[in-house]
Amino acid sequence: MTTAPPAAGAPPAAGGQAWRKHAVTLAFLGPALLLLGVWIVYPTVRTMLRSFFDRDGSAFVGIDNYEDIFTNEVIFRAIRNNALWVLIVPALVTAIGLVFAVLTERVAWRIAFRTAVFMPMAISLFAAGVIWRVMDQQDPDRGAINATIGVVKDAIDPPGSLSNAFASTPALEGDASRGLVLRRALEPGDVALLGLTGIPPGQVPGGAEQAADPGPGEGIRGVVWRDFKPGGGTPGKVEPGELGLPDVTVVLRDAAGKKVDSTQTGPDGAFAFDDLEPGSYRAGIGKATFAKPFAGVSWLGPNLITPALIFAYIWVWAGFAMVVIAAGLAAIPRDVLEAARTDGASEWQTFRRVTVPLLAPVLSVVFITMLINVLKVFDIVLAVAPGSVQDDANVIALAMWRTSFGGVNDFGLGSAIAVLLFLLVLPILALNIKRFRTEAS
Amino acid sequence: MASVAARAPVVPRPAEPLSGRILRVLGKAPVHLFLAVIGLLWLIPTLGLLFTSLLSASDLGGGGWWQILSKPSAATWQNYDALLSNEQITDSLLTTLQVAIGSTVLPIFIAALAAYAFAWLEFPGRDWLFIVVIALLVVPLQMALIPIFSLYNTLGIFDTVLSLILFHTAFGLPFAIFLLRNFFIGIPKDILESARIDGASEFRIFFRLILPLGLPAIASLAIFQFLWTWNDLLVALTFGRDTKPITVAIFNQLTEFGSNIEIIAPASFISLALPIVVFFAFQRYFVQGLLAGSVK
């Protein structure tokens, strides 16, 4: 204790006092410094060094791992995807937050609205991912998004009554996308047999009766029927046990292809075109009858997975932006806004010229926070993207984890990806320190 | 005076005719409508998960969760019953609770000690050291995963509750120290000085003065740290494959998504119910903490 150099001009006892003081400081700081040192500082240095060694750390490989990042297709895709996240998410989240904050400012029930939008923030990104995994399912009977799109799509462009049907014999030409037409030209007095097959029993329209076998008549007579019965039956021939297909629209065209008439089939599938001029006609069924019902957009497929993920991510974070911006908005002095309005500025001008510039610091905080979050995005990708499309959905943090712990177990390359991530957030570190310096001075 | 004021005509605000008022309300109708639709849209996904969790597997085989709207009688607790009698899941929930509580109490206590030193103790290199702490704020978790993975294996504590708590504690420290130091520095200097003159030791001051005064900041921080660690997947998946916090348990189920939605949906809902309860109970602190911490 006596060996401690006494502070200049201090009484001799000060040496012991100073030692004591340092011991107290150390007691307060020690645990934190130990944890920060062992769990953050040491690993950071270690990871930087590790990134220059091979997968098991036995050989120095120089910058090979860094070259790999940009040549390995899966990892490079992660960088490209993450770039898309960076371009879209911070700007969009900030904009949505601003719009919500401004619109709710003078609405009485804003607390209810803000709570609803903010709630996903409390949910983990992983659980949010599970939520969107349920929402984004492709089958419109299960995924709510596709169910909604399906309702709209089917209202505008309804599915045909016989979406799976096809011709039972080569007598009909064409396909589902163009409609089916009887190959043979018809004249008044002829019989048109439009046989279809491939219709499951459940899809036979209700009210169907035994198919009619029309005899020749005055005009063109015919039948649209399910040319199939248990055991098969003879194609192209109306047989007992085969059902007529009601409510099918049959179109009659003349030799030039111009539509002459159209009619609906009866319960037994029969139809008739009377009062025809002599000449050559062709009968067929339009493509609308065969239109497929909405099969669902493949949100979780390789092409749309990143947009689907970004959508889910914005759902989570918009509330954060809204709350922070609303707090900034509340701090703007009322008289500044009033002054602008008194000077005759419109609401839009006030917003554009007064509110937004005054909010700029808050908006930039939100933007930067989102930038960091997006660079580190991980959980939601792992939760929403099925295993088979994780290569397509890849982001930097996920690539790092999959390379290191997800079966590849390449600690060298994994370290290099971690360092890349670190380098990307480094400018923000500089910004934080600068801000602290200006606040401190 | 009072009687004059009372008799004086109210500021001659032109009496707004009824039609004007109706127009004003109607003019705002699109905004109300827009907000109502957006608010509803924002709630639907979470409600969708809740409804999914309340339907039996066979009902879900036949259609989406919205069938519950037209057939509320289909709702059943059977998925939850099955889940809560599944020991793996209840163990996972318990593990998560241990990890989250440990990772909340430990870093806040350690950070409060350090924050007090940064705010009120004089020592060489104080500002410089605090800048280092701010710098550590942005170090991505990913930088530590591989070395700590090796370290845990060497120490023999890999895949334990303790290993998870220690990792969360370390990475929770920079933000906690930053927030608490800024809060503590705002405590009036006189209070501390007079305590020191009265001969109170620094520890006494810390426990008797600083901690009670810092409670609002500590509460915000605790909520954040609790939610953050309860919701964590990355750390749990790296160091807790067998310790298996609830996120890892759900993640394991996700690989067979489709065949086991009756497990995934209720498990996910339970895992997010606690954070939502915490959020609603402490909403004020949550928002405060968010505003203070949006530099992270």
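Residues numbered from 1 in each chain as written. Chains lettered and ligands numbered in written order. Predicted model: local features only at pLDDT ≥ 70, side-chain atom pairs only at ≥ 80, totals over all residues. Heavy atoms only, no water.

1. So, the packing of aromatic side chains
Right, so step 1: On inspection of all chains with the given rule, the structure shows 36 aromatic pairs over all chains.
Right, so step 2: With 6.1 Å between their ring centres and 50° between their planes, Phe118(B) and Phe123(B) make a pair best called tilted. As far as the burial class goes, Phe118(B) and Phe123(B) line up, both buried.
Right, so step 3: In textbook terms, an aromatic cluster arises when at least three aromatic residues are bridged by ring pairs, as seen for Phe28(A), Phe109(B), Tyr116(B), Phe203(B), Phe206(B) and Phe207(B). (Phe/Tyr/Trp six-rings, centres within 6.5 Å; stacked < 30°, edge-to-face > 60°. Buried < 20%, exposed > 50% of the residue type's maximum accessible area, 1.4 Å probe, protein only.)

2. What to know about the nonpolar core
Right, so step 1: Membership of the largest hydrophobic core comes to 195 residues, with the highest contact counts inside it found for Trp85(A), Tyr116(B), Phe167(B), Ile177(B) and Phe184(B).
Right, so step 2: The biggest single contributor to this core is helix α7 (residues 305-330) of chain A, with 18 residues. (Core = buried A, V, L, I, M, F, W, Y, C linked by side-chain atoms within 4.5 Å. Helix = DSSP H or I, 4+ residues; strand = E, 2+ residues; numbered from the N terminus.)

3. Looking at the sheet that holds strand β5 (residues 220-226) of chain A
Residue and element names in this part refer to chain A.
Right, so step 1: Read from one edge to the other, the open sheet built from four strands follows the order β1-β4-β5-β8, with strand pairing classed as mixed. Both outer strands of the open sheet, β1 (166-167) and β8 (270-273), are each paired with one neighbouring strand and no more.
Right, so step 2: Across four bridges, the pairing between β5 and β8 is antiparallel. Paired with Gly222 across the strands is Phe271, a residue of β8. (Pairing = 2+ DSSP bridges.)

4. Focus on the domain arrangement of chain B
All names here are of chain B.
Right, so step 1: Partitioning chain B into domains gives domain 1 (12-76) and domain 2 (83-293).
Right, so step 2: Taken together, the contact between domain 1 and domain 2 spans seven residues of the former and seven residues of the latter.
Right, so step 3: Between domain 1 and domain 2 lies a buried interface of about 590 Å² when both sides are counted; carbon and sulfur atoms form 91% of it.
Right, so step 4: Where domain 1 packs against domain 2, one counts zero salt bridges.
Right, so step 5: For the pair domain 1 and domain 2, the interface holds zero residue pairs in polar contact (both at pLDDT 80 or more).
Right, so step 6: Secondary structure elements with two or more residues in the side of domain 1 that touches domain 2: α2 (18-53) and α3 (57-62).
Right, so step 7: Here the element with the most residues in the side of domain 1 that touches domain 2 is α2; it accounts for five residues.
Right, so step 8: Considered class by class, the residues forming the side of domain 1 that touches domain 2 number four nonpolar, three polar and no charged. (Domains from an automatic or database assignment. Contact = heavy atoms within 4.5 Å. Buried area = accessible area lost by both parts, 1.4 Å probe. Salt bridge = Lys/Arg side-chain N within 4 Å of Asp/Glu carboxyl O. Polar contact = N/O pair within 3.5 Å; in protein donor to acceptor, adjacent residues only side chain to side chain. Nonpolar A, V, L, I, M, F, W, Y, C, P; charged D, E, K, R; others polar.)

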